[in-house]
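Fold and geometry: a report
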Amino acid sequence: MIGLKSDREISLISEAGAIIGKVFERLEGEIRPGITTIELDRLAGQLIKSFGGRAAFLGYKDFPGKICASPNDVVVHGIPGDRKLEKGDIISLDVGVERGGYYADSAATFAVGNCSDAAARLMEATECSLYIGIDKARAGNRLSDIGNAIQTFIENKGFSVVRAFVGHGIGAELHEEPEIPNFGAAGRGPRLEPGMVLAIEPMVNEGTCDVEILEDGWTAVTGDGKLSAHFEHTILVTDKEPRILTKWQKKNR
Ligand code: MG
Ligand code: MG
């Protein structure tokens, strides 16, 4: 069962989403060679608090960070630490916020200074696939239409979609039903209805789709050491266009 959110619930999720948007607008300006991922984590934590939210990832299944910071070959769930970002790196930041008992979740990958053309192509394709997936989140479509559109687009670009992690419903819990794979056949699963709130999050690898989990129990890296990118929005299915609840304005475009 996929729960349908009430207007009150949607407005609380939107408030959490707006906080995430403001956090990304600030974080983007701080991403530069020499900054450590724990500095980004601290800043994100301060911002989330100052905007009236709570960092949702901190303590979730004992996760030690306020955000996830996943450089280069780290797919997701990177633990913020002393690692200094270097020119040419890419860094995926994942931010979850709770406000008034409701959650929103969003991620984006950034270049640290100038990155390689290959890295730029990976990031662009991943971000584009997110919007292609969101465009399928329409009343009357089937759930698997989202993942099928993402996979088709990404594989046509010569990249692979990660199988080990998926998108999810979101609301009173950070992770709710349904799971939203970024792959698979179209036309399967429940029909989408207005009031469903979904976190759609393609994780795209330059090479193999396989991932490995490091000894810390969290950090997921690509099986071949090649790059990975991650973009995520929390969206609302409506009777018209899908509505993005974690929208923000990028500077570097
Ligand atoms: Mg996320
Ligand atoms: Mg998520």
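Throughout this document, residue positions are counted from 1 along each chain, in the order its sequence is written. Both sets of labels track the order of writing: A upward for chains, 1 upward for ligands. Local features in this predicted model are restricted to residues of pLDDT 70 or higher, and side-chain atom pairs are both shown and tallied only at a pLDDT of 80 or more, whereas totals for entire chains, interfaces and linings draw on every residue. Side-chain measures were taken over the full set of non-hydrogen atoms in the model, leaving aside hydrogen atoms and water.

Remarks on unusual backbone geometry
Note the cis peptide between Glu177 and Pro178, where omega equals 5°. The backbone phi angle of Asp62 is positive, close to 70°, even though this residue is not glycine. Starting at the N terminus, helices and strands are each numbered in turn, a helix being any DSSP run of H or I of at least four residues and a strand any DSSP run of E of at least two. Tracing the backbone through its elements, the reader meets Asp62 in the loop between β1 (54-55) and β2 (68-71). Backbone geometry at His77 places phi at a positive 65°, although glycine is not the residue there.

So, the sheet that holds strand β13 (residues 228-230)
The antiparallel open sheet is built from three strands, whose spatial order is β6-β10-β13. For this open sheet the edge positions go to β6 (160-161) and β13, each flanked by a neighbour on one side alone. A pair of strands is treated as paired once DSSP finds two or more bridges between them. Where β6 and strand β10 (residues 203-205) come together, two bridges link them in antiparallel fashion. Bridging across to β10, Val161 finds its partner in Val204. Pairs of residues are marked as contacts when any of their non-hydrogen atoms sit within 4.5 Å. Only the contacting stretch of a helix is used when fitting its axis, a line to C-alpha atoms as for every element, and angles between N-to-C directions run 0 to 180 degrees. Sheet contacts for helix α3 (residues 117-135): β10 and β13; angle to β13, the most-contacted strand, approximately 35°.

Re the coordination of the magnesium ion (ligand 1)
Four donors placed tetrahedrally around a metal ideally meet at 109.5 degrees, and six donors placed octahedrally ideally meet at 90 or 180 degrees. Coordinating donors are taken to be N, O and S atoms lying within 2.8 Å of the metal, or within 3.2 Å when the metal is Na, K or Ca; because water is excluded from the atom set, some sites may appear incomplete. In the first shell of the magnesium ion (ligand 1), the protein supplies Asp94 (OD), Asp94 (OD), Asp105 (OD) and Glu232 (OE), at 2.0 to 2.5 Å from the metal. Within one chain, the residues donating to the magnesium ion (ligand 1) are spaced in sequence as D-x10-D-x126-E. Burial classes follow relative accessibility: with a 1.4 Å probe on protein chains only, a residue under 20% of its type's maximum area counts as buried, one over 50% as exposed, and anything between as partly exposed. On the accessibility criterion, Asp94 (9% relative accessible area) is buried.

Brief notes about the coordination of the magnesium ion (ligand 2)
Listed as protein donors to the magnesium ion (ligand 2) are Asp105 (OD), His168 (NE2), Glu201 (OE) and Glu232 (OE); their distances from the metal cover 2.1 to 2.2 Å. We note that the donor set of the magnesium ion (ligand 2) lies within a single chain, spaced as D-x62-H-x32-E-x30-E. If you look at the magnesium ion (ligand 2) and the magnesium ion (ligand 1), they sit 3.1 Å from each other and are both ligated by Asp105. Taken together, the positions of Asp105 in strand β5 (residues 102-111) and His168 in strand β7 (residues 167-169) put the pair 63 residues apart, joining distant regions of the chain. On the basis of relative accessibility, which here comes to 2%, the residue Asp105 falls in the buried class.

Focus on helix α4 (residues 144-156)
Given a rise of 1.5 Å per residue, 13 residues ought to cover 18 Å, and the 18 Å separating the end C-alpha atoms of α4 matches this to within 8%. Turning to α4, its buried residues number three or more, namely Ser144, Asp145, Ile146, Gly147, Ala149, Ile150, Gln151, Phe153 and Ile154. Where α4 is buried, its residues contact α3, β6, β8 (176-180), β9 (197-200) and β10. With its phi angle positive at about 90°, Gly158 sits one or two positions after the end of α4. Between the first and last residue of a helix there are one fewer steps than residues, each counted as 1.5 Å, and that sum is the expected span.

Section: the packing of α3 against α4
Where α3 contacts α4, the two axes come as close as 8 Å, and the packing angle between them is 150°. One element, α3, and the other, α4, form an angle in the roughly antiparallel class. Considering how the two elements wind past one another, α3 and α4 form a crossing that is right-handed. Of α4, the residues touching α3 (which contributes Ala125, Thr126, Cys128, Ser129, Ile132 and Gly133) are Ile146, Ala149, Ile150, Phe153 and Ile154. Ten residues, namely Ala, Val, Leu, Ile, Met, Phe, Trp, Tyr, Cys and Pro, are considered nonpolar, four, namely Asp, Glu, Lys and Arg, are considered charged, and the remaining ones, Gly among them, are considered polar. The class makeup of the residues in the contact of α3 with α4 is eight nonpolar, three polar and no charged. Angle categories are assigned with fixed cut-offs, so that under 35 degrees is roughly parallel, over 145 is roughly antiparallel, 65 to 115 is roughly perpendicular, and the rest are oblique. Two helices crossing with the near one rotated counterclockwise from the far one by less than a right angle form a left-handed crossing, whereas a clockwise rotation gives a right-handed crossing.

Observations concerning the environment of Gly223
Looking at the element boundaries, Gly223 is found in the loop between β12 (220-222) and β13. Assessed through its relative accessible area of 37%, Gly223 is described here as partly exposed. Sequence-wise, Gly223 and Glu212 are 11 residues apart; in three dimensions their C-alpha atoms are separated by 5.8 Å. Contact partners of Gly223, with chain neighbours within four places excluded, come to Thr208, Asp210, Val211 and Glu212.

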